[in-house]
Amino acid sequence: MGRLFGTDGARGVAITELTCETAMQIGRAAAMVLTKHKADGGKAKIFIGKDTRISSDVLEAALVAGITSVGVDVELLGVVPTPAVAFLVKKHGADAGVMISASHNSVEYNGIKLFAGTGFKLPDSVEEEIEELILDKPQEIKLKDGCDLGRVCVLADAAEEYIAHLESTADCQFDDLTVAIDCANGSASVTAEKLFTRLGAKCHMLSNTPDGTNINLNCGSTHLENLQLFVQENQCDLGVAFDGDADRCLAVDNAGNVIDGDKLIAVISDYMAEKETLKNNTAVVTVMSNLGFHTYMKEKGLETVCTAVGDRYVLEEMLKSGYNIGGEQSGHIIFLDYATTGDGQLTAVQLMNLLVMSRKSLRKLTKEIPDYPQILINVKINEEQKGKWDKVKAITDVIKEAENAMGDKGRILVRESGTEPLLRIMAEGTSEESVNYWVDIITKTVEKELCSETEV
């Protein structure tokens, strides 16, 4: 990817790294690039949504200043999930959409995600054009004045329109379900309770009181411990957890077991196949998906296609080959029949729909899916270390040694994060002892060579 945009937009520590000046420049350049081919010649319009971070209001102001300064109107959506921006842009015929969020990251981070008027995230080529305008050709950005400036207004019912859309995707009411819902003190806090209550579920709300500083703080899809305990103690049928911008969903069964994105894709794909709605009998996943997922899918007579890590690559494959479900182990799942991007609450609706229609518990549905031992370690790296790990002989040698030792009974995957300064080290295989051993060896080698910190 380029110099400003990673695999999921621009992201960094808000204000000091992802500065107000950068946000304003992105607003100007994006507005020019995304609206330059407006067919009717009228004034263009860009929607802006945001999550609950304290910095989101600041960056919103900077983006508004940038967009309107080049003569493009802005319509503010307020706090909404990322997929709501994608949905509303397409529904209302806006020229583009912006979401201010750093997703699952902690409060000090923030990000800017861009959507085309189609509701899809921008392809690399368009992001590169925006970057080039900002970094190499700033003189081509033409400011407006007087009556040619853009105007700012508010789409008052943005969240309500989105909730109604999600509600319409359910085949039934969820009257018999008791569910615990962890909103990560993020965007789902303004939509989830209304949505699932309307669908008839008895809802217990967790982490749904954002204060600007507590987004993803020991809650949400990256911290499931409280949800697991709550589900068991309160005898819920299941729990669901979203991340800060609600484009991801992970679940917990009634026994407190975590049901990750692989398992959600597997059981929902199987249900879709039974309904004859699974296009090409195939689900799209990434190389991070557990071997147990592939085993289950094969036993069910279903096909899988693997892509590089990142929802943009999953989506590219889905669009190219005509598939309608795909996603990541992290819970970022795309239902192309209903949405143009990953949607955590849509995933939860489809899951609960399956539970009601099948009359089976989540535990019963997922117990057939084998879990191969898989360990993922994140090693923190500095900016100057990015892009260097695979050029260090000691690191590449130990990875090769591990791959040879595990053979066809496992695999090793080492990659840099596209959104954070991390090196991700994953091992998976039939032997937990072997998996633990090789992850430990590779991690220690990376730490020795790059002098980094490690987190599980």
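Right above here is the structure, for reference.
**Here's the deal with the sheet that holds strand β2 (residues 45–50)**
Sheet architecture is open: six strands sit in the order β1-β5-β4-β2-β3-β6, paired in mixed fashion. Here the strands that pair on one side only, and so sit at the sheet edges, are β1 (10–13) and β6 (152–154). Taken pair by pair, the neighbouring strands of this sheet meet at an average axis angle of 20°, ignoring direction. Bridge count for β1 against strand β5 (residues 109–116) is four bridges, and the pairing is antiparallel. When the sheet's bridge partners are listed, V13 is paired in β5 with Y109.

**Brief notes about the sheet that holds strand β11 (residues 258–259)**
Pairing is mixed across the open sheet formed by five strands, whose spatial order is β8-β7-β9-β10-β11. This sheet does not close on itself; its edge strands, each paired only once, are β8 (202–206) and β11. Inspection of the sheet shows strand β9 (residues 238–242) paired to strand β10 (residues 249–253) by five bridges, in the antiparallel sense. In the sheet register, V240 faces β10, and the bridge partner there is A251. Of the strands in this sheet, β7 (178–182), β8, β9, β10 and β11 touch helix α7 (residues 225–233), which is tilted by about 160° from β9. Strands in contact with helix α8 (residues 261–274) are β10 and β11; relative to β10, the strand with the most contacts, it is inclined by about 80°.

**So, the pattern of salt bridges**
Side-chain pairs of opposite charge can arise whenever the charged atoms involved come near each other. Counted under the stated rule, the structure contains 26 salt bridges. Residues K91 and E161 are paired through a salt bridge, measuring 3.0 Å at the closest nitrogen-oxygen approach. Of this pair, K91 sits in helix α3 (residues 82–92) while E161 sits in helix α5 (residues 158–168); the two residues are 70 residues apart in sequence, bridging distant segments of the chain. For K91, a relative accessible area of 47% puts it in the partly exposed group. With a relative accessible area of 16%, E161 lands in the buried category. Here D397 ties to K393 by a salt bridge, and the two come within 2.6 Å at their closest N and O atoms. With D397 and K393 both in helix α13 (residues 393–406) and four residues apart, the pair spans about one turn of that helix. Taking the relative accessible area as the measure of exposure, K393 reaches 59% and is therefore exposed. Connected through shared salt-bridge partners, K50, D57 and E60 make up one network.

**Quick word on the packing of α8 against helix α9 (residues 291–299)**
It is at 10 Å that the axes of α8 and α9 come closest, and there the two elements cross at 10°. As judged from the angle between their axes, α8 and α9 are roughly parallel. On α9, the residues that touch D262, I265, A266, V267, S269 and D270 of α8 are F293, Y296 and M297. Its residues assigned to classes, the contact of α8 with α9 shows six nonpolar, one polar and two charged.

**Re the nonpolar core**
Counting 64 residues, the largest nonpolar core has F174, F196, V240, F242, I325 and M352 as the members making the most contacts within it. Excluding residues that lie within four positions of it along the chain, F196 makes contacts with I181, A201, C203, F242, Q345, A348, V349 and M352. Formed by 34 residues, the second largest nonpolar core is a distinct cluster that contains A30, V74, A116 and V126.

**Comments concerning α9**
Listed as buried for α9 are G292, F293, Y296 and M297. One side of α9 holds all its buried residues, which, seen down the axis, span an arc of 135°. In this structure, α9 carries K298 and E299 as exposed residues pointing more than 90 degrees from its buried face. The inward-facing, buried residues of α9 abut α8, β12 (282–286) and β13 (303–307). Directly beyond the C-terminal end of α9, a positive phi value near 75° is found at G301.

**A short note on α5**
Buried within α5 are the following residues: A158, E161, Y162, I163, H165 and L166. Of the surrounding elements, those touching the buried residues of α5 are β3 (73–79), α3, α6 (192–198) and α11 (344–358).

**Observations concerning the environment of L224**
As for its placement among the helices and strands, L224 is situated in the loop between β8 and α7. Expressed as a C-alpha distance, the spacing of L224 and F242, which sit 18 residues apart in the sequence, is 9.9 Å. Excluding residues that lie within four positions of it along the chain, L224 makes contacts with A241, L250 and V258.

**Observations regarding the packing of aromatic side chains**
Counted according to the given criterion, the structure contains one aromatic pair. Ring centres 4.9 Å apart and planes at 80° place the aromatic pair Y437 and W438 in the edge-to-face group. Y437 gets classed as partly exposed once you look at its relative accessible area, which sits at 45%.

**Digging into unusual backbone geometry**
One non-glycine residue, N218, lies in positive phi territory at about 55°. Turning to its location among the elements, N218 is positioned in the loop between β8 and α7. Residue N281 is not a glycine yet carries a positive backbone phi of 55°. Tracing the backbone through its elements, the reader meets N281 in the loop between α8 and β12.

Thresholds applied
- Every chain begins its residue count from 1, and numbering advances along the sequence as written.
- Restriction of local features to residues with pLDDT of at least 70 applies here, the model being predicted, together with a cutoff of 80 or more for giving and counting side-chain atom pairs; totals for whole chains, interfaces and linings are based on all residues.
- Each side-chain value is worked out from all heavy atoms of the structure, with water and hydrogens disregarded.
- Only when DSSP finds a minimum of two bridges between them are two strands counted as paired.
- Helix numbering and strand numbering both begin at the N terminus, where a helix is a DSSP run of H or I of at least 4 residues and a strand a DSSP run of E of at least 2.
- Axis angles are defined between N-to-C directions and span 0 to 180 degrees, where every axis is a line fitted to C-alpha atoms and, for a helix, only to the segment in contact.
- Contacts are assigned to residue pairs that have any heavy atoms within 4.5 Å of one another.
- For this document, the term salt bridge refers to a Lys or Arg side-chain nitrogen within 4 Å of an Asp or Glu carboxyl oxygen.
- When accessible area is computed with a 1.4 Å probe and restricted to protein chains, residues below 20% of their type maximum are described as buried, those above 50% as exposed, and intermediate ones as partly exposed.
- Note that the term roughly parallel is reserved for angles under 35 degrees, roughly antiparallel for angles over 145, roughly perpendicular for angles of 65 to 115, and oblique for everything else.
- Polar here means any residue outside two lists: the nonpolar Ala, Val, Leu, Ile, Met, Phe, Trp, Tyr, Cys and Pro, and the charged Asp, Glu, Lys and Arg; Gly therefore counts as polar.
- Only buried Ala, Val, Leu, Ile, Met, Phe, Trp, Tyr and Cys residues count toward a nonpolar core, and they belong to the same one when joined by side-chain atoms within 4.5 Å.
- Arc definition: directions from the helix axis to the C-beta atoms.
- For Phe, Tyr and Trp, where Trp contributes only its six-membered ring, two rings pair if their centres lie within 6.5 Å, and the inter-plane angle classes them as stacked under 30 degrees, edge-to-face over 60, or tilted in between.

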